[in-house]
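# Observations on the model geometry
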Amino acid sequence: MKLSFEKGFFAPLPVLIIGTYDADGRPDAMNAAWGGQVGMSQISVSLSSSHKTTENIKLTKEFTVAYATSEYIAACDYVGIVSGNKVADKLEKCGFTVTRSDKVNAPVIDQLPVTIECRVVDIQEEFNETRVVAEVVGLKADENVLTDGKVDYSKVGLVTYDTVSKCYRAVGESVAAARSVGKKFE
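Our subject in this report is the structure included herewith. Throughout, residues of each chain are indexed from 1 in the direction in which the sequence is written. With the structure being a predicted model, the display of local features is reserved for residues of pLDDT at least 70 and the display and counting of side-chain atom pairs for 80 or more, all residues being used for whole-chain, interface and lining totals. To get the side-chain values, all heavy atoms of the structure are used, and hydrogens and water are removed first.

## Let's talk about the pattern of salt bridges
Going by this rule: Between Lys or Arg on one side and Asp or Glu on the other, a salt bridge is scored when a side-chain nitrogen of the former is within 4 Å of a carboxyl oxygen of the latter. By definition, any uninterrupted DSSP run of H or I lasting at least four residues is a helix, any uninterrupted run of E lasting at least two residues is a strand, and each is numbered from the N terminus. Relative accessibility thresholds used throughout: buried, under 20% of the residue-type maximum; exposed, over 50%; partly exposed, between the two (1.4 Å probe, protein chains only).
Using the criterion set out here, one finds 7 salt bridges in the structure. Note that Lys-90 and Asp-28 form a salt bridge whose closest N and O atoms lie 3.9 Å from each other. With Lys-90 in helix α3 (residues 90–93) and Asp-28 in strand β3 (residues 27–32), this residue pair connects regions lying 62 residues apart in the sequence. Between Asp-102 and Lys-140 there is a salt bridge, and its shortest N-O distance comes to 2.5 Å. Of the two residues, Asp-102 is situated in the loop between β7 (98–100) and β8 (107–109) and Lys-140 in strand β10 (residues 129–141); the sequence distance between them amounts to 38 residues. With relative accessibility at 26%, the residue Lys-140 sits in the partly exposed group.

Okay, structure coming up:
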């Protein structure tokens, strides 16, 4: 029997590390879970208006999104719990180094194997939240996470955020081929 609850959460959520540069060219990154894909070529992230990253996105209109990995989960968590408004060198403190993207004015975190490069299409503000919609203009991936020239997410070590238990969970193995396994019912 299913039980009824007053509210629920969409779970699990991807753990996204949003990379930006500030007005002085200093790299910043934050951990964000409220985001996802919109159609085939855009993403949307929802950020608190008070974040330095939000301010940087409004300034430059460009950013990167790296997927958090289990190997670097402590550093990925750290950039989410420490504000760039208070700790300017938080990337250095957690051991992250960056390379400037060649497609957007934003940093690529060297230690995280997959990064999406984004250009802002729309910014919507409501209450204390800022929703950013961006066009995906590029993707960077380490060679060691590729299979046949494509990103093989089973090699990345992806994690998700479990909003109910408030913990990170490793993404597991493939259970079936999408748009294929259900054909047995045709």
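## Observations regarding helix α1 (residues 52–60)
To keep things clear, this is the line we draw: Contacts between residues were defined by any pair of non-hydrogen atoms, one from each residue, lying within 4.5 Å.
Among all positions of α1, only Lys-52, Thr-53, Thr-54, Asn-56, Ile-57 and Thr-60 are buried. Each element contacted by the buried residues of α1 is listed here: β2 (16–21), β3, β5 (42–48), β6 (62–67), β9 (114–126) and β10. Downstream of α1 by one or two residues, Lys-61 has phi in the positive range, about 65 degrees.

## Quick look at the packing of aromatic side chains
Our working definition: Working definition: rings of Phe, Tyr and Trp (its six-membered ring) pair if their centres are within 6.5 Å, and the pair is stacked with planes under 30 degrees apart, edge-to-face with planes over 60 apart, and tilted otherwise.
One pass over the structure, following the stated rule, counts 3 aromatic pairs. Ring centres of Tyr-72 and Phe-96 lie 6.2 Å apart, and the angle between their planes is 50 degrees; on these two criteria the pair is classed as tilted. Residue Tyr-72 is located in the loop between β6 and α2 (73–81), and its partner Phe-96 is located in the loop between α3 and β7; the two are separated by 24 residues in the primary sequence. Of the residues examined, Tyr-72 reaches a relative accessible area of 26% and is grouped as partly exposed.

## With respect to the sheet that holds β6
Note the following rule: A pair of strands counts as paired when DSSP detects no fewer than two bridges linking them. A fitted line through C-alpha atoms serves as each axis, taken over the contacting stretch for helices, and the angle formed by two N-to-C directions is quoted from 0 to 180°.
Pairing within the open sheet is antiparallel, and its 7 strands lie in the order β3-β2-β6-β9-β10-β5-β4. Edge strands, defined here as strands with exactly one partner in the open sheet, are β3 and β4 (35–38). Strand-to-strand twist across the sheet, computed as the mean angle between neighbouring axes with direction ignored, equals 35 degrees. Judged from the 12 bridges that link them, β9 and β10 form a sheet pairing that is antiparallel. Residue pairing for β10: Ile-123 is matched across the bridge by Val-132. Packing of α1 onto the sheet brings it into contact with β2, β3, β5, β6, β9 and β10, and relative to β2 it is tilted by some 55 degrees. Sitting on the sheet, α2 is in contact with β2 and β3, with an inclination near 100 degrees to β3.

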